[in-house]
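# Descriptive analysis of the structure
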Amino acid sequence: MNRLSKKWLSSDRFFTQLLGAMTHTAGWVLTIVFLLFLINTVFSYIAFKHISPILLVAALTAFALLAFSVCNTLTNIYNLRKNESGITWCQISILIIIGLWIIGVIAIFNIQMTEKNTLVFGVVGGVLAWIFQDKVKGALAFIHLRLHHLLAIDDWIQVPKYHVDGVVNRVSLTTVTIYNWDTTTSTIPISALHSDHFVNLQNLAKGKTYGRQMTKDFILETSMFHPLSPEEAEQLKQHDEVMRYLPEEEIHEGVLNAQLYRLFLYHLLMNHPDISQYPWLIVRWLEPVENGLPLQVYAYIMDGGFASFEWKQSQIMEHIVETLDWFGLRLYQKPSSFDYRLAHNVKEAEQ
């Protein structure tokens, strides 16, 4: 039976898949139970012209459980096949089944809204709302995310609150399963994506944006800022890469080395093959801090893939650190024991 069920589930035809889901694992047991209740209900009506409400409720419950099993099985299949519309309809069907079961129970017992039943309805409604609150919240979130195309299988998402950063592997009415980049798997309520902040990076990863944002601050030691001497200006003019990105007239005696470096870095990034000039490219000074003056690079790397982005970002940062020395600049670093030992050795040598 299990082998036949898998064969039917692998079909591309919906009704064959439906048959496979009905006979898959627990599904075939529920199918038999439902059929037994159905046969018994029909026999009771033919023989006694009356059907026990308990028997009707039992048959209705068996049908609801079978429908739940079928929808969950098909959801798993559609997740594997990345069939977004199939997932959506399966989850909506679960909501419809819950509603039909409640309506069916009310109709079978002929429950009417009277003053006597008001309290009972209130208590039952409160209990059902508590039981199905996750389903209701999840349903609202699921419909919102699907209608606005905010989430799909294989999307790269980040959910900071839950420390999630990876690819969506499975979506259901209540949960989303994510395969994180650190090879762990996270399952979070789908309602969290509706109420909390999350980031969908899929368009970026597919190259449908200008690129992935790179924002880095380099705190420079202000004690190294000074106007260029004639010798330093001539030395810079002998440097091929400096002359490639800076006009010769910009390099002259008296210009501040920090100002010249900012211009050099801006033109270097403007001509970098991996940097997009849109929507903007900024190299600017931030507010001074106690450790120095931060130089911020705000740019977009065109390849937004996780590994390639980090690789290219690291290369750019390394080049920035390397070129600082050409202009007589350096990054701020708190003095370490090595610095104190070096200063002590220099002092002893002078003595």
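What counts as what
Residues numbered from 1 in each chain as written. Predicted model: local features only at pLDDT ≥ 70, side-chain atom pairs only at ≥ 80, totals over all residues. Heavy atoms only, no water. Salt bridge = Lys/Arg side-chain N within 4 Å of Asp/Glu carboxyl O. Helix = DSSP H or I, 4+ residues; strand = E, 2+ residues; numbered from the N terminus. Buried < 20%, exposed > 50% of the residue type's maximum accessible area, 1.4 Å probe, protein only. Phe/Tyr/Trp six-rings, centres within 6.5 Å; stacked < 30°, edge-to-face > 60°. Lys NZ or Arg CZ within 6 Å of the ring centre and 35° of its normal. Core = buried A, V, L, I, M, F, W, Y, C linked by side-chain atoms within 4.5 Å. Contact = heavy atoms within 4.5 Å.

## Examining the pattern of salt bridges
Per the stated rule, a full pass over the model turns up 4 salt bridges. Linking Arg-330 and Glu-221 is a salt bridge whose minimum nitrogen-to-oxygen distance equals 3.1 Å. Of the two residues, Arg-330 sits in the loop between α13 (306-324) and α14 (337-350) while Glu-221 sits in the loop between β6 (212-220) and α10 (230-237), which places them 109 residues apart along the sequence. Here Asp-303 ties to Lys-312 by a salt bridge, and the two come within 3.6 Å at their closest N and O atoms. When its relative accessible area of 32% is taken as the criterion, Asp-303 is described as partly exposed.

## Side note on the packing of aromatic side chains
To describe a pair of aromatic rings, one takes the distance between the centres and the angle between the planes. Within this structure, the stated rule accounts for 9 aromatic pairs. Seen in terms of ring centroids, Trp-156 and Trp-181 are 5.5 Å apart; in terms of plane orientation they differ by 85°. Their pairing is edge-to-face. Taken together, the residues Trp-156 in strand β1 (residues 156-159) and Trp-181 in the loop between β3 (175-180) and β4 (185-189) connect sequence positions 25 residues apart. A residue is classified by how much of its surface remains accessible, and Trp-156, at 3% relative accessible area, is buried. Ring geometry for Phe-225 against Trp-285: centres 5.7 Å apart, planes inclined by 55°, an arrangement best described as tilted. On the criterion of sequence distance, the pair formed by Phe-225 in the loop between β6 and α10 and Trp-285 in strand β8 (residues 282-285) is long-range, its members being 60 residues apart. By the ring-pair criterion, three or more aromatic residues cluster together here, those being Tyr-245, Tyr-261, Phe-264, Trp-326 and Phe-327. Positioned over the ring face of Phe-309 is Arg-212, at 4.4 Å from the centre of the ring.

## A few points about the environment of Ala-107
Within the secondary structure, Ala-107 sits in helix α5 (residues 84-108). Sequence separation between Ala-107 and Pro-53 is 54 residues; the distance between their C-alpha atoms is 9.9 Å.

## Describing the nonpolar core
Across soluble globular proteins, nonpolar side chains have a tendency to be buried as a group. If you look at the biggest cluster of nonpolar residues, it comprises 33 residues, and the most contacted ones within it are Leu-151, Val-176 and Leu-193. Of all the secondary structure elements, the ones that give two or more residues to this core are α4 (53-81), α5, α7 (133-147), β1, β2 (164-171) and β3. Here the element with the most residues in this core is α4; it accounts for 8 residues. Setting aside its immediate chain neighbours within four residues, Val-176 contacts Leu-151, Val-168, Arg-170, Ser-186, Thr-187, Ile-188, Ile-190 and Leu-193. Formed by 30 residues, the second largest nonpolar core is a distinct cluster that contains Tyr-261, Leu-268, Ala-299 and Leu-329.

Treat this as a map of the structure, not an account of what it does.
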